[in-house]
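Summary of structural features
So the chains spell out like this:
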Amino acid sequence: MIERIFGLLRDKGLLDDAVVVITSDHGDLLGEYGRVGHGRFAPVDPLLRVPLLVYDSDGVRSQARALASTVDVAPTLLHRIGAPIPDNWAGEALDAPARRDAVAMQTSTGRAVVVQTGGALWKYTVEESGQATRLFNLSRDPQERNDMLLSADPAVLAIVMAAYRAAFMPAEPQAGS
C-alpha cells in the first residue's frame, strides 16, 4: 500500500520537494495479554508503539530513536522548513539532536512514562484507578512480563518517578506569580 501511495506521488511529480509522514494515533492489541483492540486497556507497548516513517526528498536522515513520539511530527516538519518550534511544544525535531530522556504517554485507562537511564529503557505505568503501578526494564523485558517496581535500583526508581511527576503532576503555580 505504501509503495502504491509513493508511486502515485512520484507519477504526479509531488515527491520532488516533499516531506511525507506516515504514522498512526495508536496501536492495537492482537491477542497480547489475552485481549484484542485498543479500548480501555492499560498503556502497554502494543497500544503505544506505532509506525513513524518520514520521507524527505532532500535526503535528510534521522537516526532511529528509542524515545520518539507522535508529538515529534509537527516539530520535525517545522525544523525541516527552517521555521521556529514553539517553546511550549512537547515534541522535538527528530532530525536534530535529542534533548530529552523521557517520553510520556496516556491511554483512556492509564498513564506511562518511558525513561532512558543507566543504558536501559524503563517504563513506569499507573492505571487510572491508581491501584496498579508497574515498572518494567524494556531493554531486558520488552514484553512487559516482569514487574520490577519492588526490586529496581532505588536510583533508577527515583529518576523514573521524577520523570512521571514532571509529565503528569505539574508544579503548582507559586503565590504572587
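Look a little higher up for the structure.
All figures in this text were calculated on a predicted structure; none of them were measured in a lab. (Residues numbered from 1 in each chain as written. Predicted model: local features only at pLDDT ≥ 70, side-chain atom pairs only at ≥ 80, totals over all residues. Heavy atoms only, no water.)

On to the environment of Ala-132, then. Inspection of the secondary structure puts Ala-132 in the loop between strand E7 (120–127) and strand E8 (133–137). For Ala-132, a relative accessible area of 16% gives the class buried. For the pair Ala-132 and Gly-110, spaced 22 residues apart in the sequence, the C-alpha separation amounts to 9.4 Å. Those residues in contact with Ala-132, other than ones at most four positions away along the chain, are Thr-125, Val-126 and Glu-127. (Helix = DSSP H or I, 4+ residues; strand = E, 2+ residues; numbered from the N terminus. Buried < 20%, exposed > 50% of the residue type's maximum accessible area, 1.4 Å probe, protein only. Contact = heavy atoms within 4.5 Å.)

Once that is clear, we can look at the sheet that holds strand E6 (residues 110–117). Across the sheet, four strands lie side by side as E5-E6-E7-E8; this open sheet has antiparallel pairing. Of all the strands in the sheet, the pair left with one neighbour each is strand E5 (102–107) and E8. Adjacent strand axes in the sheet meet at a mean angle of 15°, parallel and antiparallel pairs treated alike. Taken together, the five bridges between E7 and E8 define a ladder with antiparallel strand orientation. Residue pairing for E8: Thr-125 is matched across the bridge by Arg-134. Of the strands in this sheet, E5, E6, E7 and E8 are in contact with helix H4 (residues 154–168), which crosses E6 at around 130°. (Pairing = 2+ DSSP bridges. Axes fitted to C-alpha atoms, helices over the stretch in contact; angles between N-to-C directions.)

Bringing the pairing of E5 into the picture now. Of the two faces of E5, the one holding Val-103, Met-105 and Thr-107 is buried and the one holding Ala-102, Ala-104 and Gln-106 is not buried anywhere. Hairpin geometry of E5 and E6 is characterised by an intervening segment of two residues between the two adjacent antiparallel strands.

Moving on: the nonpolar core. The nonpolar side chains of a soluble globular protein tend to be buried with one another. Val-113, Val-115, Trp-122, Tyr-124, Leu-135, Val-160 and Tyr-164 are the most contacted members of the largest nonpolar core, which has 15 residues in total. Counting only elements with at least two residues in this core, the list comes to E6, E7 and H4. Top element by residues in this core is H4. It accounts for five residues. Once residues within four sequence positions are removed from consideration, Val-113 is found in contact with Ala-102, Val-103, Ala-104, Trp-122, Lys-123, Tyr-124, Val-160, Ala-163 and Tyr-164. Judged by nonpolar contacts, the second largest core, of eight residues, contains Met-105, Ala-112, Val-114 and Phe-136. (Core = buried A, V, L, I, M, F, W, Y, C linked by side-chain atoms within 4.5 Å.)

Turning our eyes to something else, we now look at unusual backbone geometry. Working note: non-glycine residues mostly have negative phi, and peptide bonds are mostly trans. Within the chain, Glu-144 stands out as a residue other than glycine whose phi angle is a positive 55°. For Glu-144, the position within the fold is in the loop between E8 and H4.

A few words now on the layout of surface pockets. Empty space among the atoms becomes visible once a probe the size of a water molecule is rolled across them. There is about 950 Å³ of room inside the largest pocket. Residue lining of the largest pocket: 45 residues in total, with Val-50, Leu-52, Ala-68, Ser-69 and Thr-70 positioned closest to the centre. For the lining of the largest pocket, the secondary-structure elements that each account for two or more residues are helix H1 (2–11), strand E1 (19–23), helix H2 (45–48), strand E4 (52–56), helix H3 (73–80) and E5. Tallied by class, the residues present in the lining of the largest pocket amount to 26 nonpolar, 11 polar and eight charged. (1 Å grid on protein atoms, 1.4 Å probe; cavity = no way out; pocket = protein on both sides within 12 Å on 5 of 7 lines; lining within 4 Å. Points joined across faces, edges and corners; volume = space filled by probe spheres on them. Nonpolar A, V, L, I, M, F, W, Y, C, P; charged D, E, K, R; others polar.)

Our next topic: the packing of aromatic side chains. Counted under the stated rule, the structure contains three aromatic pairs. Arranged with centres 5.4 Å apart and planes meeting at 75°, the rings of Phe-6 and Tyr-55 form a pair that is edge-to-face. With Phe-6 in helix H1 and Tyr-55 in strand E4, this pair connects stretches of sequence that are 49 residues apart. A relative accessible area of 14% means that Phe-6 is categorised as buried. Taking the relative accessible area as the measure of exposure, Tyr-55 reaches 31% and is therefore partly exposed. Between Tyr-164 and Phe-168, the aromatic rings sit 4.9 Å apart at their centres with planes inclined by 45°, giving tilted as the arrangement. Of the two residues, Tyr-164 and Phe-168 both sit in helix H4, four residues apart, roughly one turn of that helix. (Phe/Tyr/Trp six-rings, centres within 6.5 Å; stacked < 30°, edge-to-face > 60°.)

Scope: geometric values only; no functional claims are made or implied.
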